[in-house]
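Breakdown of the fold
What follows is the residue order along each chain.
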Amino acid sequence: MKWSSLAVVLTAAFFVAIIAQHQMLLRLPVANAERVGVPLASSRTDLGDNYLYFSLTKRGASACRQSAEPDDADPGGNALACTYLPAIIVNHFLLAVAYWVLPSPRLALVALLLLDTTVLAAAFCLAVAVLVNRRLSIAAAMAMCGFGLLLVDSFGLTFYTGHLYTNLRADWSSEPNPIRLLNPSIFWAMGLVALATFVYYVERPKYFALAAAAMSSFLLGASSISVALSFGLGMLLCFTVIALRRRECRRDFILVGLALGVGLAWQMFQFRHFWASELGSQINTGKFAGFSDLRFNPTFVWFALPICLGRITGSKDKVVETLAKCVLGAAALVGAFCNSVDLGSRLWIRGADIYALACTVSWLWVTAMGASEKLLAWASQRRQVDRLRIMLTFVQTKHMRWISALSILACLIGAYSYASPVHTGSWRGYIDREKYDALEWLNAHTRPGETVASTDIEDSFLIDFYTHAEPFRPLYGLTALPFQEMLMRHVCVMELVSDGQSILKRLKNTRQDDVNRWLRFIFGPVSTQYDYDAYQAVAFYWYVVYYPFNAQFRDLFASGSVAPSFVTNLDAIAKEAPHRHYHYRYLIVRTGDALSDPSRFHEVFRNRSVVIYEPKAGPN
């Protein structure tokens, strides 16, 4: 591919990223006395997993941690991060670029979100362009990656659920997959690049192309088991078909397959460590249910149509065509059996789905081009070819190419605006102005590796996003601390204010109805911020205990109230809390909340909503 073609793809991908992230970009200029628009907010006004993937991205290679001591000054990282560490490092590099260009944490986070979406859009466009074997115009590139990203979730859900899924607004209501950080945006991009580089090598066998294919396959194998499984199975199927049909042993397939296999082996080795950890025993990500519990989804049989009818690629090389069909077949197999794995829907929804969509788009493109050639042949027989040539010549003029590009751009803006309408009165994606001012002060007075404690669980999100420091009270899945120690830190911080016992009492009296009420609120218009005290109790169980997905606590609210055994555990922790001593750089307290022992701190910042204290010398 020529540099000019790559420049066209990157330009189209960047425009698509801006359109896809339009909600975030439109709220950024809002910075009044009441609220500030931010790229990522806390779960008090928003809901999603970006907080998890940003925290790991921020740490980079150090995100991979098996365990931490109870008094560890830096509690971040986890064992699961080790299973996709190369992708975290890639995203950490993008974040470093964003920080270098834009030193403000808020703007750097904006840049990271745009970069992740741009990388995915460009990878999708490149993969399809290589499959159809055509140089794309700016209009075709924008249409390809723009509508591909818009419809990828609906495409995946249609096959997963077995019925046509057309509710775009539901898909795009909260962090749809194409505009998420790291997972699956970077995972998908790495998978598409691995496919594109290998197809490019097969058509143009050169050593640098083979090296690029091997390296990208290794990184994919070590980063995403869901995407790598589809690509690896597709390569294996293709290698077998070629060996049986042609009696040929393709060494390039063996080399690239070995690179992918080494990456997958390393990832599975890390998964074994993860499953042996406390976190792994609680969430069971990726565990196979067993052959006795295989579950087959027959909807994926529909992918036999593009495999059996017509061509998927525009290449004259039969190996490329066979590879594309085998990758599509492998993606369909992963989707058909994904529910045989714990949380296995992600193997399809955030994994194989992207290969299936890319191959299907390529099949539709090649089929349409074949139909147009037949139309020209028919017109030639009926002496209408001159008129068609005149029309095609007009369409291919420079002015018409620009008109078509602007038309596609307008269509994309309209489609994304429909899927994700902007609600100006909503608090989704905003935080309190006074809180943001406190975060800016903290960013100027903290260094990487320092921790900041806060009596507000919302700050466990925001400290990570908008300061150099780490939250002293980590959220579930973002710490290598033992689970009991994580609870201990949360209870210890509650005890720092005179109302600590009342806060603990509210936790023990929380009911399932309270959680349901918050969920209805967060999936609604979010016309205001959720009540402070009610949020603290719900956030504790949803983001600290992680009870809906934590196997140890899935039945925590089985009776409607908190299980008595967990209440007993909280009481035991509260008795031990006064005897624990920790170090942290600052303490954030809501204005009006009195400290239980003011002599241990001195005030360094205050506004109408927040007070920041610095601990005096000695352990706290």
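Computed from a predicted structure; not experimentally measured.

Re helix 9 (residues 207-221)
Here helix 9 contains 15 residues, and its C-alpha end-to-end distance of 21 Å stays within 8% of the 21 Å for a straight helix at 1.5 Å per residue. A209, L210, A213, A214, S216, S217, L220 and G221 are the residues of helix 9 that are buried.

Observations regarding the packing of aromatic side chains
Throughout the structure, instances matching the rule amount to 40 aromatic pairs. Relative to W348, the ring of F300 lies with its centre 4.7 Å away and its plane at 85°, an arrangement referred to as edge-to-face. Here F300 is found in the loop between helix 12 (278-283) and helix 13 (304-308), whereas its partner W348 is found in helix 15 (residues 345-381), with 48 residues between them in sequence. Considering the side-chain rings of Y436 and Y466, the 6.4 Å spacing of their centres and the 70° angle between planes classify their relative orientation as edge-to-face. In this pair, Y436 sits in helix 18 (residues 433-445) while Y466 sits in helix 19 (residues 458-466), placing the two residues 30 residues apart along the sequence. Pair check on accessibility: Y436 and Y466 agree, each one buried.

Notes on the packing of helix 5 (residues 105-132) against helix 6 (residues 138-161)
The geometry of helix 5 relative to helix 6 is characterised by a closest axis approach of 9 Å and an angle of 115° between their N-to-C directions. As for how helix 5 packs across helix 6, the hand of that crossing is right-handed. Contact residues: helix 5 offers T117, L120, A121, F124, C125 and V128, while helix 6 offers A141, M144, C145, G148 and L149.

Remarks on unusual backbone geometry
Peptide bonds are mostly trans, and most non-glycine residues show a negative phi. Note the cis peptide between N183 and P184, where omega equals 10°. Relative to the elements of secondary structure, P184 occurs in the loop between helix 7 (168-171) and helix 8 (185-203). Phi angles above zero are rare outside glycine, and N133 is one such case at about 60°. Tracing the chain through its elements places N133 in the loop between helix 5 and helix 6. Note on N133: relative accessible area 36%, which makes it partly exposed. Even without a glycine there, the phi angle at V526 is positive, about 50°. Structurally, the position occupied by V526 is in the loop between helix 22 (512-522) and helix 23 (532-544).

Description of the nonpolar core
Counting residues in hydrophobic clusters, the biggest one holds 193 residues, and the most contacted among them are F540 and Y541. Considering every element that reaches this core, the biggest residue donor is helix 5, with 17 residues. The residues contacting Y541, other than those within four sequence positions of it, are L507, K508, T510, Y546, Y547, L556, F557, V562, F566 and L570.

What about the pairing of strand 3 (residues 451-454)?
Here is the key point about a regular strand: its side chains alternate between the two faces of the sheet. Burial of the side chains of strand 3 extends over both faces: T451 and A453 are buried on one face and V452 and S454 on the other. Sheet topology note: the strand 3/strand 4 (residues 470-471) ladder contains two bridges and is parallel. Looking at strand 4, one finds that V452 is bridged to P471. The parallel pair strand 3 and strand 4 is bridged by helix 19, and the resulting crossover is right-handed. Examined bridge by bridge, strand 3 and strand 5 (residues 586-590) share three bridges and lie parallel to one another. The residue of strand 5 that forms the bridge with V452 is Y586.

Overview of the side chain of S362
With respect to the secondary-structure elements, S362 resides in helix 15. Taking relative accessible area as the criterion, S362 reaches 0% and is therefore assigned buried. Setting aside residues up to four positions removed in sequence, S362 forms contacts with L131, V132, I312 and T313.

Brief notes about the state of the cysteines
Per the stated rule, a full pass over the model turns up one disulfide. The side chain of C64 participates in a disulfide bridge whose partner is C82; the two sulfur atoms lie 1.9 Å from each other. Taking the sign of the torsion about the S-S bond as the criterion, the disulfide between C64 and C82, at about 100°, is right-handed. Residue C64 is found in the loop between helix 3 (50-59) and helix 4 (85-101), and its partner C82 is found in the loop between helix 3 and helix 4; the two are separated by 18 residues along the sequence. Overall, the relative accessible area of 26% leaves C64 in the partly exposed class.

Procedures and definitions
Along each chain, the written sequence defines residue order, and numbers are assigned to residues from 1. Local features in this predicted model are restricted to residues of pLDDT 70 or higher, and side-chain atom pairs are both shown and tallied only at a pLDDT of 80 or more, whereas totals for entire chains, interfaces and linings draw on every residue. Side-chain metrics in this entry use all non-hydrogen atoms of the structure; hydrogen atoms and water are not considered. Secondary structure elements are defined from DSSP: runs of H or I of at least 4 residues count as helices, runs of E of at least 2 residues count as strands, and each element is numbered from the N terminus. Here, expected helix span is obtained from the residue count minus one, scaled by 1.5 Å. For every residue, the accessible area obtained with a 1.4 Å probe (protein chains only) is divided by the maximum for its type, and the residue is called buried under 20%, exposed over 50%, and partly exposed between those limits. What counts as a ring pair is set by centres within 6.5 Å for rings of Phe, Tyr and Trp (its six-membered ring), and what kind of pair is set by the plane angle: stacked under 30 degrees, edge-to-face over 60, tilted for all other angles. For helices, the axis comes from a line fit to the C-alpha atoms of the stretch in contact; other axes are also lines fit to C-alpha atoms, and the angle between any two N-to-C directions lies between 0 and 180 degrees. Crossing chirality is assigned from the near helix's rotation relative to the far helix, an anticlockwise turn below a right angle marking it left-handed and a clockwise turn marking it right-handed. Residue contacts follow a heavy-atom distance rule, with two residues in contact if any of their heavy atoms lie within 4.5 Å. Only buried residues count toward a nonpolar core. Its members are Ala, Val, Leu, Ile, Met, Phe, Trp, Tyr and Cys residues joined through side-chain atoms within 4.5 Å. By the convention used here, strands pair only if DSSP detects at least 2 bridges between them. Clockwise travel from the first strand over the helix to the second, with the strands pointing away from the viewer, marks a crossover as right-handed. Note on terminology: disulfide denotes any pair of cysteine sulfur atoms within 2.5 Å.

None of the figures reported here should be taken as evidence of function without further support.
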